[in-house]
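An overview of the molecular structure
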Amino acid sequence: MGYRNLQDCIADLERRGELIRIEQELDPRLEIGAVQRRVYRAGGPALLFTRPRGSRFPMLGNLFGTLERTRWLFRDALRGVETLVRAKIDPRELLKSPSAMLRAPLAARHLLPKRVRKAPILAHRTELEQLPQLVSWPRDGGAFITLPQVYSEDPFAPGWRHSNLGMYRVQISGNDYDPAEAGMHYQIHRGIAIHHRRALEAGQPLRVNVFVGGPPALSVAAVMPLPEGMPEIAFAGLLGGRRIDLTSAANGLPMPAEADFCLSGWLDPAVLKKEGPFGDHLGYYSLGHEFPVFRVETVHHRPDAIWPFTTVGRPPQEDTSFGAFIHELTGELIPEVLPGVHAVHAVDAAGVHPLLLAVGSERYTPYAEPGRPQELLTQANAILGQGQLSLAKYLLIANAGDNPPELHRIDDFLRFMLERVDWRRDLHFQTRTTIDTLDYSGRGLNRGSKLVVAAVGKPLRRLSAALPKNLRLPDGFSDPTLPLPGVLAVRAPAWAAPPHGNDPVLEQFCRRQEKLGMDEGIALVVLVDDPRFVARSLDDWLWTVFTRSDPAVDIDGLGADTLHKHWGCTGPLVIDARLKAHHAPPLEELPEVEKRVDELGGPGGPLHGIV
């Protein structure tokens, strides 16, 4: 069976040599987060900080720091989950029918939570200010809970069967929050929004519990892209290999009996306060914005409570392991959810939502070679209408019949697409739509554009592996490099306009087409601040290009034209991927903090031989 609580998990990891204790006093402000990030990058163990400054509660970091360790944590239950997936058994149907549950594999019985009266979580209470005050980045607006499990129920259909468990940012200090207030930052397309809207329409507060810790399955379930109607609290039992014991918190909502902490309260229906800024997983700060206020009535905790945490930043980070593990659990379901789609891959190095790769099918005319994308466009629309896949900003989709590379071979897949794409035909924009809350490349919070690139057929060009011999750049443009075959990176003048202002650089470059001396082997040009940086690695190129561009605003091309409201160009396509005035600032490490981490890795230090 799986772990009953976090303490059992820690003891198991320590026996295996997969966890080390750090006994030195370290500061949750910047130091502890920096240690966790450095150990993650080294592929190191889980970390138990026994003396975080300012709090009596130990802190656990890097629990999910490697995919191998994450798999191992759930080794007892994975086979049961895989059996349900391969048998195409819908857990939602099992929850509706006791007879179906009896016929299902034994693992399915762990879906049903169990009510208990006695529970470790009921033992003690504390205050928000007594919790570890984790600040991960220098410009963060305060301390945040970074592995919260936010539980809510439909106010008009109470009970766990109509619940949502999500991982939404919770700010517990800083800004204008009172001692018993927290900021509740949930992004678009999150389940809590449905419950919150129903409560607001009724003019009543929404009761919310925030769990921290407990069996590791709870944290993974909180980020699972489950279908509507499938409670995450039930899936946590399936993934954890045991039913989740529930008891009642001070506000009447359930909480896991084995959780380490539970913040119990309600969302104020009448008050919004500034939450953030916060260094986030795109590699930039998400800025301060008005978000709901979580009024915390009670903070429950167990006697031996431990505070699990992560830090996020430019990928890869610990949440990369989450994503990879979830893909392993759900990848086989893609063709069931999206007919005709063979696979999808949200590219972690590009910040996840900014770039989505997909392989679909062209089946409309099996009697003829597909001369243009047809069903791929239907499938692209379906992808952009499906759960969190809908947050994709760039979607590149290829035809399985053309034998594209496996999607995790990102450089090969990009090359495959660039060889086949017809820029006059294969670009499909959504010019005014919603994008990821954390993406500041668009025209405002949650506002921006999307681009679908769909390509079929045989190669149209042979990509250049060297700079064009006759290349002549306009004045102000310099340092051409080829970070990828057929891709030219050029240093452009720095952005000089106000936020969202009219900067002429992109247009100036593209209107000099007759003097550029491009050859047909250059399919894509990216205008950047530092060509050497984007040429340093594929990850640097992906991160720069797809986090710093808004397709409808920052794409142009040589020989551009609009025909029947369809924009295209003869090529190459040009993407303006410079850092702009309206973009959020990138995250940066502090040298003095990094020096402290270096000291911990020196001879005699707890991290010696790890970092």
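Residues numbered from 1 in each chain as written. Predicted model: local features only at pLDDT ≥ 70, side-chain atom pairs only at ≥ 80, totals over all residues. Heavy atoms only, no water.

Some points on the environment of Tyr440
- As for its position among the elements, Tyr440 is in the loop between strand S22 (427-434) and strand S23 (447-455).
- Taking C-alpha positions, Tyr440 is 30 Å from Glu328, a pair spaced 112 residues apart along the chain.
- Sequence-distant contacts of Tyr440, that is, excluding residues within four places in its chain, are made with Tyr285, Ser286, Leu287, His289, Leu445, His582, His583 and Ala584.
- There is a polar contact of 2.8 Å between the side chain of Tyr440 and the side chain of His289. (Helix = DSSP H or I, 4+ residues; strand = E, 2+ residues; numbered from the N terminus. Contact = heavy atoms within 4.5 Å. Polar contact = N/O pair within 3.5 Å; in protein donor to acceptor, adjacent residues only side chain to side chain.)

Let's talk about the environment of Gly340
- Positionally, Gly340 belongs in the loop between helix H11 (334-337) and strand S19 (343-346).
- Gly340 sits in the buried class, given a relative accessible area of 11%.
- The spacing of Gly340 and Leu376 is 36 residues in sequence and 8.6 Å in space, taken between C-alpha atoms.
- When residues no more than four places from it in sequence are discounted, the contact partners of Gly340 are Val359, Gly360, Ser361, Arg363 and Gln379. (Buried < 20%, exposed > 50% of the residue type's maximum accessible area, 1.4 Å probe, protein only.)

Some remarks on helix H16 (residues 538-547)
- Taking burial as the measure, the ten residues of H16 include eight buried ones, the bulk of the element.
- Residues of H16 that are buried: Asp540, Trp541, Leu542, Trp543, Thr544, Val545, Phe546 and Thr547.

A few points about the packing of helix H13 (residues 410-420) against H16
- Between H13 and H16, whose axes approach to 11 Å, the crossing angle comes to 60°. As summarised for this structure, H13 and H16 are arranged oblique, according to the angle between their axes. For the pair H13 and H16, the contacting residues are Ile410, Asp411 and Leu414 in the first and Leu538, Trp541 and Leu542 in the second.
- Partitioning the contact of H13 with H16 into residue classes produces five nonpolar, no polar and one charged. (Axes fitted to C-alpha atoms, helices over the stretch in contact; angles between N-to-C directions. Parallel < 35°, antiparallel > 145°, perpendicular 65-115°, else oblique. Nonpolar A, V, L, I, M, F, W, Y, C, P; charged D, E, K, R; others polar.)

Quick word on the pairing of strand S11 (residues 206-212)
- In terms of burial, S11 is largely enclosed, as six of its seven residues are buried.
- Sheet topology places strand S7 (residues 149-153) next to S11; four bridges connect them, and they run antiparallel. Looking at S11, one finds that Tyr151 is bridged to Asn209.
- Relative to strand S14 (residues 261-275), S11 is paired through seven bridges, and the arrangement is antiparallel. Residue pairing in the sheet places Arg207 in a bridge with Trp266 of S14. (Pairing = 2+ DSSP bridges.)

Considerations on the domain arrangement of the protein
- What the domain assignment reports for the protein is domain 1 (6-75 + 112-314) and domain 2 (334-455).
- Computed from C-alpha coordinates alone, the two centres of domain 1 and domain 2 are separated by 33 Å.
- Counting residues at the interface gives 13 residues for domain 1 and 15 residues for domain 2.
- Both faces considered, domain 1 and domain 2 share a buried interface measuring about 1300 Å² in area, 67% of it formed by carbon and sulfur atoms. (Domains from an automatic or database assignment. Buried area = accessible area lost by both parts, 1.4 Å probe.)

Quick word on unusual backbone geometry
- Along the chain, Pro315 connects to Pro316 via a cis peptide bond; the corresponding omega equals 0°.
- The omega torsion across Gly571 and Pro572 is 0°, close enough to zero to call that bond cis.
- Its identity is not glycine, yet His500 carries a phi of approximately 60°, on the positive side.
- Even without being glycine, Lys565 reaches a positive phi, approximately 65°.
- As for its placement among the helices and strands, Lys565 is situated in the loop between strand S28 (560-563) and strand S29 (566-569).
- Look at Lys565 and you get exposed, because its relative accessible area is 83%.

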